[in-house]
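Observations on the model geometry
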Amino acid sequence: MRLESPDVSVVVPCRNERDNIGPLIDEIAEALLGRRHEILVVDDGSDDGTDAAVRAASERHPQVRLIRHDRSAGQSAAVRTGVEAARGAVILTIDGDGQNDPAFMPALLGALEGGGAATGMAAGQRVGRKASFAKRHGSRIANSVRRALLKDSTRDTGCGLKAVRRELFLRLPYFDGWHRFLPALVVREGHRIATVDVVDRPRRHGQSKYGIFDRLWVGIADLFGVWWLMKRRRVRPVPMEVPLDD
């Protein structure tokens, strides 16, 4: 029976990950054993039987939910769909290709909870990346440019492993490519970022379906758009309701 009031919602955006998604769901369930959680897979227009693999995994794990896009809309749209449908107070995101290791999810939750209300996100930072030299070199350049402009308190925004309070997640301005800039958008809301080093894994099956911020010129317009958004948020008032009765 599906858990109606989970504490944690795991959002897994994926597209054409039939051979990766089942084992990944098994690993997520094991990593969060003992926590009230749901696993929300957002199938972004797959045509390879990914949905059937999720259905099979749901027989082992009743906390699994499946949402399908009728066409591919991109990773940002898939993450947003999952956040909107989630029921947990905390959102964990993880890529659907299996390269993010769910074993680091408890550490992310611990960093978020341990940071108190001022900490809005715990972000994974990959070490030992399993990527080509060109991709790793391009990523270092892009991340250096991003940090210099946005001062977003993390060296690696391309890691899919993140823990964010859902109420905060829903306040963040949305645009295509949004998932690459989540730490900066959280900082814009006046919150701190906690970071956790995580081990990158090689892909088990298939090839990458989504582009990530691994090249200098990818997302450059979005980068300056986010910089503009951060400059426009100068005053963060503290709201307090005033009692009207004596």
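This text follows the structure it describes.
Structure report, in brief. (Residues numbered from 1 in each chain as written. Predicted model: local features only at pLDDT ≥ 70, side-chain atom pairs only at ≥ 80, totals over all residues. Heavy atoms only, no water.)

1. Let's talk about the overall build of the protein chain
- From N to C terminus, the protein chain includes 8 helices and 7 strands.
- Buried residues in the protein chain amount to 50% of all 246 residues.
- Within the protein chain, residue pairs in contact and separated by at least 24 positions form 80% of the contacts whose partners lie at least 6 positions apart.
- For the protein chain, the exposed area adds up to about 11900 Å²; of that, 54% sits on carbon and sulfur atoms. (Helix = DSSP H or I, 4+ residues; strand = E, 2+ residues; numbered from the N terminus. Buried < 20%, exposed > 50% of the residue type's maximum accessible area, 1.4 Å probe, protein only. Contact = heavy atoms within 4.5 Å. Areas by Shrake-Rupley, 256 points an atom, 1.4 Å probe, with all protein chains shown as cover.)

2. Here we look at helix H3 (residues 75-85)
- Of all 11 residues making up H3, 8 are buried, and the element is well covered by its neighbours.
- Within H3 the residues assigned to the buried category are Gln 75, Ser 76, Ala 77, Ala 78, Val 79, Arg 80, Gly 82 and Val 83.

3. Some words on the environment of Gln 63
- Mapped onto the secondary structure, Gln 63 falls in the loop between helix H2 (50-60) and strand S3 (64-69).
- With a relative accessible area of 14%, Gln 63 lands in the buried category.
- Along the primary structure Gln 63 and Leu 40 are separated by 23 residues, whereas in three dimensions their C-alpha atoms are 8.3 Å apart.
- Apart from residues no more than four positions distant in its own chain, Gln 63 is found in contact with Ala 29, His 37, Glu 38 and Ile 39.
- Among the polar contacts listed, one links the side chain of Gln 63 to the side chain of His 37, at a separation of 3.0 Å. (Polar contact = N/O pair within 3.5 Å; in protein donor to acceptor, adjacent residues only side chain to side chain.)

4. Describing the nonpolar core
- Among the nonpolar cores identified, the biggest contains 31 residues, and Val 10, Val 12, Ile 21, Ile 28 and Leu 92 are the most heavily contacted of them.
- Mapped onto this core, the elements with two or more residues apiece are strand S1 (8-14), helix H1 (18-31), strand S2 (37-44), H2, strand S4 (90-93), helix H4 (105-114) and strand S7 (192-199).
- Looking at this core element by element, the count peaks at 5 residues for H1.
- For Val 10, the residues in contact, after removing those within four places along its chain, are Ile 28, Leu 32, Glu 38, Ile 39, Leu 40, Leu 92, Ile 94 and Met 105. (Core = buried A, V, L, I, M, F, W, Y, C linked by side-chain atoms within 4.5 Å.)

5. Quick notes on the sheet that holds strand S6 (residues 162-165)
- Strand order in the open sheet made by the 7 strands is S3-S2-S1-S4-S6-S5-S7, with mixed pairing throughout. The sheet is open, and its two borders are formed by S3 and S7, each paired with just one other strand. Put simply, the sheet's adjacent strands are angled 20° from each other on average, direction ignored.
- In this structure, strand S5 (residues 119-127) lies alongside S7, joined through 8 bridges in parallel fashion. Among the inter-strand pairings, Ala 122 is bridged to a residue of S7, identified as Ala 194. (Pairing = 2+ DSSP bridges. Axes fitted to C-alpha atoms, helices over the stretch in contact; angles between N-to-C directions.)

6. Focus on the packing of H1 against H2
- At a closest axis distance of 8 Å, the pairing of H1 and H2 adopts a crossing angle of 20°. By the angle between their axes, H1 is roughly parallel relative to H2. Our pair here, H1 against H2, has a crossing hand that is right-handed. In this structure, H1 contributes Arg 18, Ile 21, Gly 22, Ile 25 and Asp 26 to the contact, and H2 contributes Thr 50, Ala 53, Val 54, Ala 57 and Arg 60.
- Partitioning the contact of H1 with H2 into residue classes produces 5 nonpolar, 2 polar and 3 charged. (Parallel < 35°, antiparallel > 145°, perpendicular 65-115°, else oblique. Left-handed = near helix turned anticlockwise from the far one by under 90°. Nonpolar A, V, L, I, M, F, W, Y, C, P; charged D, E, K, R; others polar.)

7. Regarding the packing of aromatic side chains
- Across all of its chains, the model carries 3 aromatic pairs by this definition.
- Ring centres 5.2 Å apart and planes at 65° place the aromatic pair Tyr 174 and Trp 178 in the edge-to-face group.
- Ring pairing ties together the aromatic residues Phe 169, Tyr 174 and Trp 178, which thus form one cluster. (Phe/Tyr/Trp six-rings, centres within 6.5 Å; stacked < 30°, edge-to-face > 60°.)

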